[in-house]
Amino acid sequence: MRNMAPDRRDRAVRAAVDQDLLTPAAPVAALLDVAGVRASAAALRAAFAAVTDAPVLHAFAVKASPLVPVLRLLHEEGLGAEVASPGELALARAAGVTADRIVLDSPAKTPAELREALDLGIAVNADNPQELARLDALVREAPTRSPLGLRVNPQIGGGAIDALSTATATSKFGIALRDEGARAGVVRAYLDRPWLTRLHTHSGSQGLPLSLLVTGVREVYELAEEINAAAGCRRVDTIDIGGGLPVNFTSDDETPTYAEYAALLAREVPGLFDGRYGLVTEFGRSLLAKHGTVLARVEYTKTSGSRPIAVTHAGVQVATRTVYDPVSWPLRITVYDAGGRPRTGGPFVEQDVAGPACFAGDLLAVQRALPRIEPGDIVAALDTGAYYFAHHYAYNSLTRPGVYGYVTGEDGAVRFATVRPPQTVAEIVAEGGGGHADALLAR
Ligand SMILES: *Cc1c(COP(=O)(O)O)cnc(C)c1O
């Protein structure tokens, strides 16, 4: 089947220009392909439905797109929410995600956060023995509907990106299973606590091969079997396998697929799918990355040391990871003319695509072969639907761009819905303490 996403994207860029979403006053805009998001959510559900009849909660990792309309869309597509802070929990609830479909996972939950989660009946995965002791006290105080679990780190090693590998020997997440005495301690924790019924792991995000993800899942499955054998009952009834399906940032192909991952899991860890365990997944990036595009107007073009440079309005404020760690997070860039028509013809010229921020490293791409960029053109940073356009970095007080979802009607017309309006300069002043201008003057 032909991948229609690039056509939809080109049409949306043209429409964004025609409908004034991208103007000199709003020189950056972020677009989200709603049909693409729905398709990814459906593919995720179908992939697991194909390998198990057990109940599966697909909890979207809110940090990948902390935007209420996006969470609502995913909720309508049958997904729940994985949250890791009071802010993320509030966003999920504002989107209408019900408590029974929310999982709380942060490594630094306060007593108040734990109490709120247990009051609401939200699932909680404890990170460490001290947090487990807090849960002991709360469970003693009042009964709770919250399913409670423990996060373990199988210490299976990292992937290509250190900062995103959570199952390394010294990761800060979960109980390090291979540390001396840790495994026995975990088993004992379950034997002592009839209310501890879930096991959780998340081996990392982006850069982990499927085989390593599967190894992490197999490790927690085997631990669940060991606990249940020791308990003589199904103490662990649900396994949370985390997220981490990697995304292809080099082409429009969506690889690997959820179907491939689920099939591999079913082959390598068949016991996980035989109906004895409920499942939770926590995918983020793979649900949204391919469906987002950041557009930026080109303000100037110049050469420096004979290198052509396009100075655009999108840089470190929207593509923070790419700017600070370009080797780990390269982004595809495409070029459109001022009317939003794709520039595809040559000659191709190696150019730097720079952002607006005042430091030399603020570059979206270096020496990238692209059609020669002209002032007034539009550059598009592709595959930015997760962890990019809703992760603004406040450097240089650059305003957050508007985020717009698009759908294409039967007639080919593109309709936009505002997910988040562009931030105003007045809002920047307010965030910058504008209401407290005299605060430091008192003697
Ligand atoms: C970030 C995170 C996820 C989502 O990871 P993706 O790579 O975006 O799929 C899931 N679970 C936990 C605990 C996380 O921290």
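Quick caveat, the model's predicted, so the values are computed rather than measured.

As for the packing of aromatic side chains
(1) Moving on: Evaluated as defined, the whole model comprises ten aromatic pairs.
(2) Moving on: Measuring from ring centre to ring centre gives 6.1 Å for tyrosine 261 and phenylalanine 283, while their planes differ by 85 degrees; the resulting arrangement is edge-to-face. Taken together, the residues span a long stretch of sequence, with tyrosine 261 in helix α9 (residues 258–268) and phenylalanine 283 in the loop between β10 (278–281) and α10 (285–288) at a distance of 22 residues. The residues tyrosine 261 and phenylalanine 283 share a single accessibility class, namely buried.
(3) Moving on: Pairwise contacts between aromatic rings join Tyr324, Phe359, Tyr393 and Tyr395 into one cluster.

What to know about the pattern of salt bridges
(1) Moving on: Taken as a whole, this structure holds 24 salt bridges when the rule is applied.
(2) Moving on: Aspartate 33 is the salt-bridge partner of arginine 8, the closest N and O atoms lying 2.8 Å from each other. Separated by 25 residues along the polypeptide, arginine 8 in helix α1 (residues 5–18) and aspartate 33 in strand β1 (residues 28–33) bring together distant segments of the chain.
(3) Moving on: Residue class for aspartate 33 comes out buried when judged on its relative accessible area of 3%.
(4) Moving on: The partner of arginine 400 in a salt bridge is glutamate 431, with the nearest N and O atoms 3.1 Å apart. Here the residue arginine 400 occupies a position in the loop between β16 (378–382) and β17 (402–408), and glutamate 431 occupies one in helix α12 (residues 425–431), the gap between them amounting to 31 residues.
(5) Moving on: In this structure, a network of salt bridges that share partners links the residues Arg9, Asp252, Lys290, Arg332 and Asp383.

Things to note about the site of the ligand
(1) Moving on: Close to the ligand lie 14 residues, the nearest being Lys63, Ser205, Glu282, Arg285 and Tyr387.
(2) Moving on: Here an oxygen atom of the ligand and a side-chain polar atom of serine 205 are 2.8 Å apart.
(3) Moving on: Contact distances for the ligand include 2.7 Å between a nitrogen atom and a side-chain N or O atom of glutamate 282.
(4) Moving on: Its free accessible area being 390 Å², the ligand has 94% of it covered by the protein chains.
(5) Moving on: Tallied by class, residues from the shell around the ligand come to three nonpolar, five polar and six charged.

Quick look at the pairing of strand β8 (residues 196–200)
(1) Moving on: Most of β8 is tucked away: five of the five residues are buried.
(2) Moving on: Of the pairings in the sheet, the one linking strand β6 (residues 148–153) to β8 comprises four bridges and is parallel in character. Note that in β8 the partner of leucine 150 across the bridge is leucine 199.
(3) Moving on: Note: β8 against strand β9 (residues 238–240), three bridges, orientation parallel. Bridge pairing in β9 links leucine 199 to isoleucine 239.

Some points on the nonpolar core
Burial of nonpolar side chains together is a common tendency in soluble globular proteins.
(1) Moving on: Membership of the largest hydrophobic core comes to 108 residues, with the highest contact counts inside it found for Phe48, Val186, Ile239, Tyr261, Leu265, Leu272 and Leu287.
(2) Moving on: Domain assignment of the residues forming this core places at least three in each of domain 1 (5–32 + 289–431) and domain 2 (35–286).
(3) Moving on: Counting residues in each nonpolar core, the second largest holds 18 residues, with Val13, Val17, Leu295 and Phe416 among its members.

So, unusual backbone geometry
(1) Moving on: Of note, the bond from threonine 255 into proline 256 is cis; its omega dihedral lies within 30 degrees of zero at -10 degrees.
(2) Moving on: Within the secondary structure layout, proline 256 lies in the loop between β9 and α9.
(3) Moving on: The linkage connecting glycine 346 with the following residue, proline 347, adopts the cis geometry, with an omega of -5 degrees.
(4) Moving on: With respect to the secondary-structure elements, proline 347 resides in the loop between β13 (333–336) and β14 (348–354).
(5) Moving on: Positive phi, normally seen in glycine, also occurs at glutamine 367, with a value near 50 degrees.
(6) Moving on: Along the chain, glutamine 367 falls in strand β15 (residues 363–371).
(7) Moving on: With phi around 60 degrees, aspartate 383 is a residue other than glycine that occupies positive phi space.
(8) Moving on: With respect to the secondary-structure elements, aspartate 383 resides in the loop between β16 and β17.
(9) Moving on: In this structure aspartate 383 comes out as buried when scored by relative accessible area, which is 1%.

Things to note about the domain arrangement of the chain
(1) Moving on: Under the domain assignment used here, the chain contains domain 1 (5–32 + 289–431) and domain 2 (35–286).
(2) Moving on: For domain 1 and domain 2, the distance between their C-alpha centroids amounts to 33 Å.
(3) Moving on: Listed per partner, the contact involves 24 residues of domain 1 and 23 residues of domain 2.
(4) Moving on: For the pairing of domain 1 and domain 2, the buried interface totals around 2,000 Å² over both sides, and the portion due to carbon and sulfur atoms is 63%.
(5) Moving on: Looking at the side of domain 1 facing domain 2, the largest losses of area belong to Lys290, Trp329 and Tyr387, adding up to 30% of the total buried there.
(6) Moving on: Connecting domain 1 to domain 2 are two salt bridges.
(7) Moving on: Aspartate 252 is the salt-bridge partner of arginine 332, the closest N and O atoms lying 2.9 Å from each other.
(8) Moving on: The interface formed by domain 1 and domain 2 holds ten residue pairs in polar contact (both at pLDDT 80 or more) in total.
(9) Moving on: Counting residues per element, the ones that place at least two in the side of domain 1 that touches domain 2 are α1, β17 and β18 (414–420).
(10) Moving on: No other element matches the three residues that α1 contributes to the side of domain 1 that touches domain 2.
(11) Moving on: Along the lines of polarity and charge, the residues of the side of domain 1 that touches domain 2 split into 13 nonpolar, four polar and seven charged.

Some details on the environment of leucine 287
(1) Moving on: Relative to the helices and strands, leucine 287 is located in helix α10.
(2) Moving on: We classify leucine 287 as buried; its relative accessible area is 1%.
(3) Moving on: With 53 residues separating them in the primary sequence, leucine 287 and arginine 234 have C-alpha atoms 32 Å apart.
(4) Moving on: Leaving out residues up to four positions away in the same chain, leucine 287 has contacts with Val37, Ser40, Ala41, Leu44, Phe60, Leu79 and Tyr258.

Cut-offs applied
Residues numbered from 1 in each chain as written. Predicted model: local features only at pLDDT ≥ 70, side-chain atom pairs only at ≥ 80, totals over all residues. Heavy atoms only, no water. Phe/Tyr/Trp six-rings, centres within 6.5 Å; stacked < 30°, edge-to-face > 60°. Helix = DSSP H or I, 4+ residues; strand = E, 2+ residues; numbered from the N terminus. Buried < 20%, exposed > 50% of the residue type's maximum accessible area, 1.4 Å probe, protein only. Salt bridge = Lys/Arg side-chain N within 4 Å of Asp/Glu carboxyl O. Near = heavy atom within 4 Å. Polar contact = N/O pair within 3.5 Å; in protein donor to acceptor, adjacent residues only side chain to side chain. Areas by Shrake-Rupley, 256 points an atom, 1.4 Å probe, with all protein chains shown as cover. Nonpolar A, V, L, I, M, F, W, Y, C, P; charged D, E, K, R; others polar. Pairing = 2+ DSSP bridges. Core = buried A, V, L, I, M, F, W, Y, C linked by side-chain atoms within 4.5 Å. Domains from an automatic or database assignment. Contact = heavy atoms within 4.5 Å. Buried area = accessible area lost by both parts, 1.4 Å probe.

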